[in-house]
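Descriptive structure summary
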Amino acid sequence: MCSSDLAGFDRILIADRRRERAEALRRHVGARATVVEWSPRRPIPDGVDVIACALPPGDDVPLVLAALDAGVLVATSGDEHDGIATLLRLDGEARDRNVTVLAGCGLAPGLSDVLAAHAATLLDSVDEIHVARAGIAGAKSEASLRRVHSDRPVEVREGVISEVRRRTTHELVHFPEPVGAQECEMVGVGVDLLADAFPGADRITVRAVEPPPRTRGLFHRDDPGGRWGATRVEVWGRVGAAKVPVVYGAAGRTAAVGGTVLAVATAALAGVLPAVDGTRHGVQDRKSTRLN
């Protein structure tokens, strides 16, 4: 977000393991921003109302626990199944403390769920949802996606979540340019979130492009998210008696797209985006915030 987008915020605190990255972001955000020394296992600083968490999957859990203790709202971009599942298990505690946590605020899950939700508004009912993603936003993102590909994939078939036992689940997916056609493999991350959001869907799949082989110097130190990423969302449903598809695609620098989703989710929690409402207390995925 640029400084003109931050009119509703009095103060922005920025923390990062590498201070030079925090300083670079502070210069970009402007006069309201201050770099602070802080780690996720320490108490939340006084006066904080909402947190945007871009920590690697799993590392965000201690931060969310600290936020629950402090009564602070949180949006987090973690995109691994186990990490999101851990956060969702905190739903009861978050409700008891009147705290809202938005999980999965990235590219996919994240933007892809919002696109699926919008596609559903154009249909009378939803039968199938097929999501695909491409792109990584740095070394941690690469490691996370490799773990996603090493897990056994799951899908929704005839309304039931089950493990995929087919020998191969590869499929050529046509993303928006400049990403273009990429071979994707079925994965499990995000399937349960879509199943919860669309309980009437008979079929749900999520596919992802596997990261390329590790190459020395793959990521430029000053631009770890410089590679392009994309998501493609295909939703089939009924309009009257006809079965029709709605297909959306989005492409951009992977880190920038995920960061934008996280920033919008955080601003929505803070109440500085009047066009966005519908958040409730508890732990939710990004799709749960209604766009009017």
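Note that the structure is a prediction, hence the values are computed from the model and not measured. (Residues numbered from 1 in each chain as written. Predicted model: local features only at pLDDT ≥ 70, side-chain atom pairs only at ≥ 80, totals over all residues. Heavy atoms only, no water.)

Helix and strand counts for the protein chain come out as 8 helices and 16 strands. In the protein chain, which comprises 292 residues, the share counted as buried stands at 48%. Of all intrachain contacts in the protein chain linking residues separated by at least 6 positions in sequence, the fraction that spans at least 24 positions is 65%. (Helix = DSSP H or I, 4+ residues; strand = E, 2+ residues; numbered from the N terminus. Buried < 20%, exposed > 50% of the residue type's maximum accessible area, 1.4 Å probe, protein only. Contact = heavy atoms within 4.5 Å.)

Membership of the largest hydrophobic core comes to 66 residues, with the highest contact counts inside it found for Ile129 and Phe198. With 8 residues, the next largest nonpolar core counts Ala134, Val173, Val179 and Ala230 among its residues. (Core = buried A, V, L, I, M, F, W, Y, C linked by side-chain atoms within 4.5 Å.)

For the structure on display, the rule yields 19 salt bridges. The closest approach of N and O atoms between Glu20 and Arg18, which form a salt bridge, is 3.1 Å. Accessibility expressed as a relative area gives 39% for Glu20, which makes it partly exposed. With its nearest N and O atoms 2.7 Å apart, the salt bridge here joins Glu142 to Arg146. Separated by 4 residues within a single helix, Glu142 and Arg146 lie in helix H6 (residues 139–150), roughly one turn from each other. Taking the relative accessible area as the measure of exposure, Glu142 reaches 7% and is therefore buried. Several salt bridges converge on common partners, so that one network encompasses Arg19, Glu23, Arg26 and Glu37. (Salt bridge = Lys/Arg side-chain N within 4 Å of Asp/Glu carboxyl O.)

Where strand S6 (residues 125–134) lies against strand S12 (residues 228–239), 9 bridges are found, and the strand directions are antiparallel. Its bridge partner being in S12, Ala132 is matched across the sheet by Arg232. Note: S12 against strand S13 (residues 242–253), 12 bridges, orientation antiparallel. Bridge pairing in S13 places Gly237 opposite Val244. Where S12 hands over to S13, the hairpin turn is made up of 2 residues, of which Gly240 adopts a positive phi near 65°. (Pairing = 2+ DSSP bridges.)

Below, the discussion takes up the side chain of Arg203. Positionally, Arg203 belongs in strand S11 (residues 203–208). A polar contact is formed between the side chain of Arg203 and the side chain of Glu155, at a distance of 3.0 Å. Filtering out sequence-adjacent residues up to four positions away, Arg203 remains in contact with Asp127, Glu128, Ile129, His130, Glu155, Val156, Arg157, Arg166 and Met186. (Polar contact = N/O pair within 3.5 Å; in protein donor to acceptor, adjacent residues only side chain to side chain.)

Moving on to the confidence of the model for the protein chain. Looking at the protein chain as a whole, its pLDDT mean stands at 84, while 86% of the residues score no less than 70. Here strand S16 (residues 290–291) stands out as the least confident element of the protein chain, with mean pLDDT 35; S6 is the most confident, with 97. Every residue in residues 287–292 is under pLDDT 50, and counting partners more than four places away or in other chains gives 17 contacts. (pLDDT = per-residue confidence, 0-100.)

Glancing now at the environment of Ala103. In this fold, Ala103 is placed in strand S5 (residues 100–103). With relative accessibility at 1%, the residue Ala103 sits in the buried group. Sequence spacing of Ala103 and Ala75 is 28 residues, and the spatial spacing of their C-alpha atoms is 6.1 Å.

Moving on: helix H2 (residues 60–70). Of all 11 residues making up H2, 8 are buried, and the element is well covered by its neighbours. Restricting attention to buried positions, one finds in H2 the residues Asp60, Val61, Pro62, Leu63, Val64, Ala66, Ala67 and Leu68. Where H2 is buried, its residues meet strand S3 (50–53), strand S4 (73–76), helix H3 (81–88), helix H4 (91–96) and S5. Looking at the residues trailing H2, positive phi occurs at Gly71, about 70°.

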